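# Coordinate inspection notes
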Amino acid sequence: MHITRSNYLKDSTARQIVQRTMSIIQYSVNVMDEHGVIIASGEPSRIHQRHEGAVLALTENRIVEIDTATASQLKGVKPGINLPISFQDRLIGVLGISGEPSEVRAYAELVKMAAELIIEQMALLEQKQWDKRYREELVNQLILKDVYSSSLSSMVSYLGVNLLQPRVVLIIELHQPDSEVLRNLIEFFEYSARDHLVTFTDFNELVVLKPVTVKQDRWDPQQELVELQRFKGQMESAGFSRMIVGGYFAGEGGIRRSYQSAKATQVMAQRMKLKNKYVFYSDHTLPALLGGLADSWQAQELSKVWLKLVSQDSKGILQVTLKQYFEQNCDLSQTAASLHIHINTLRYRLQRIEEITALKINDLQQAVWLYIGMQLQR
């Protein structure tokens, strides 16, 4: 990445140099830009003046000492020492210490070193902030757009991110986090889990693009749950409420699909008031997919038969029976055992359900209609 001098000797950085150095020494300090113009000074009236001594220091790349006699012959100059400031082997400005050279010479190199350290510190901070912005923008493009732009390719190249790495989207819900907690959580992902891409979509919601292991084109959610436990400490300290795990989808656009599946699962979890700390799309695929139909006319049609059963089952016994029947994959023996009832009692209840709904439980198409209606109304 090409770096220009003006990127690093900004007015704000120059003011910090003046403030910090003048808290150590009793002499006035000036900072001049790459054109020799004073941009920060212990004497504010001198700001924006062109400093001839600084111009000479820049032109010849050397320390320029100016005594009282010489200063009287130059414009905008006072006695002092002017030292070129370098960053990454580039001249970016000049540091001036006002005073007779014989008096301030002892401080010159020390103050210059302090100035260059401040510049380096500010440059690293700015670089870190740009990295963070690029990573957040990269995540936003990956989860919201089907077609990748040229700017995304540039960000990927700059950040060194491998887009071929399989990933799934996590939505981490946080309970009333404060700014320090959020900062610690971001730092965890920036350093301890650097291969994770992260952004905040809301004050209390974090989206993570997590690398996963895929074997023979298959991703194992159960193994992923084990892997996610290593985040447990950081999550709990950040007020972790719940983690939604999207599905894995291969190919270009797979990350966006994973995000969409995670959002659908999140909506489903909120509707069903699930208490699980970890909610996987793979465990709730059908309800998550049906969630988009929740308020549509199609949902009303699909739910009609189930609602008819509900209206004639005031105690909810038949509803519980049918739910358990479906959960046991329509196995009569296992359903009866799970409900702690005799199998003949189960047969009677299923017969009663058929009478109310006018459907045949053993007819796959009709059973699916009833099952989908049940899921929509959950």
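Figured I'd write up the structure that's included with this text. (Residues numbered from 1 in each chain as written. Predicted model: local features only at pLDDT ≥ 70, side-chain atom pairs only at ≥ 80, totals over all residues. Heavy atoms only, no water.)

Direction vectors running N to C along helix α12 (residues 317-327) and helix α15 (residues 364-377) enclose 110°, while the axes themselves pass 11 Å from each other. In terms of orientation, α12 and α15 fall into the roughly perpendicular class. α15 is crossed by α12, and the crossing has left-handed handedness. Residues L322, K323 and F326 of α12 touch α15, and the partners they reach there are A367, L370, Y371 and M374. In terms of residue class, the contact of α12 with α15 is made up of six nonpolar, no polar and one charged. (Axes fitted to C-alpha atoms, helices over the stretch in contact; angles between N-to-C directions. Helix = DSSP H or I, 4+ residues; strand = E, 2+ residues; numbered from the N terminus. Parallel < 35°, antiparallel > 145°, perpendicular 65-115°, else oblique. Left-handed = near helix turned anticlockwise from the far one by under 90°. Contact = heavy atoms within 4.5 Å. Nonpolar A, V, L, I, M, F, W, Y, C, P; charged D, E, K, R; others polar.)

Moving on, we get to the nonpolar core. If you look at the biggest cluster of nonpolar residues, it comprises 25 residues, and the most contacted ones within it are L9, I17, V31, L95, I97 and I119. Within the residue set of this core, elements represented by two or more residues are α1 (11-22), β1 (29-32), β2 (38-41), β4 (80-87), β5 (90-98) and α4 (101-144). (Core = buried A, V, L, I, M, F, W, Y, C linked by side-chain atoms within 4.5 Å. Buried < 20%, exposed > 50% of the residue type's maximum accessible area, 1.4 Å probe, protein only.)

Glancing now at the packing of aromatic side chains. Tallying each qualifying case throughout the model produces four aromatic pairs. Aromatic pair F326 and Y371: ring centres 5.2 Å apart, planes at 80°, arrangement edge-to-face. Linking F326 in helix α12 with Y371 in helix α15, this pair joins segments that are 45 residues apart in sequence. For Y371, a relative accessible area of 26% corresponds to the partly exposed category. Among the aromatic residues, those joined into a ring-pair cluster are Y325, F326 and Y371. Directly above the ring of F249 sits R257, whose terminal nitrogen or CZ lies 5.7 Å from the centroid. (Phe/Tyr/Trp six-rings, centres within 6.5 Å; stacked < 30°, edge-to-face > 60°. Lys NZ or Arg CZ within 6 Å of the ring centre and 35° of its normal.)

A separate point is the pattern of salt bridges. Overall, the coordinates contain nine salt bridges when judged by the stated rule. The salt bridge partner of R46 is E43, with a shortest N-O separation of 3.9 Å. Between R62 and E60 there is a salt bridge, with its nearest N and O atoms 2.4 Å apart. (Salt bridge = Lys/Arg side-chain N within 4 Å of Asp/Glu carboxyl O.)

Worth remembering: the numbers are spatial, not functional.
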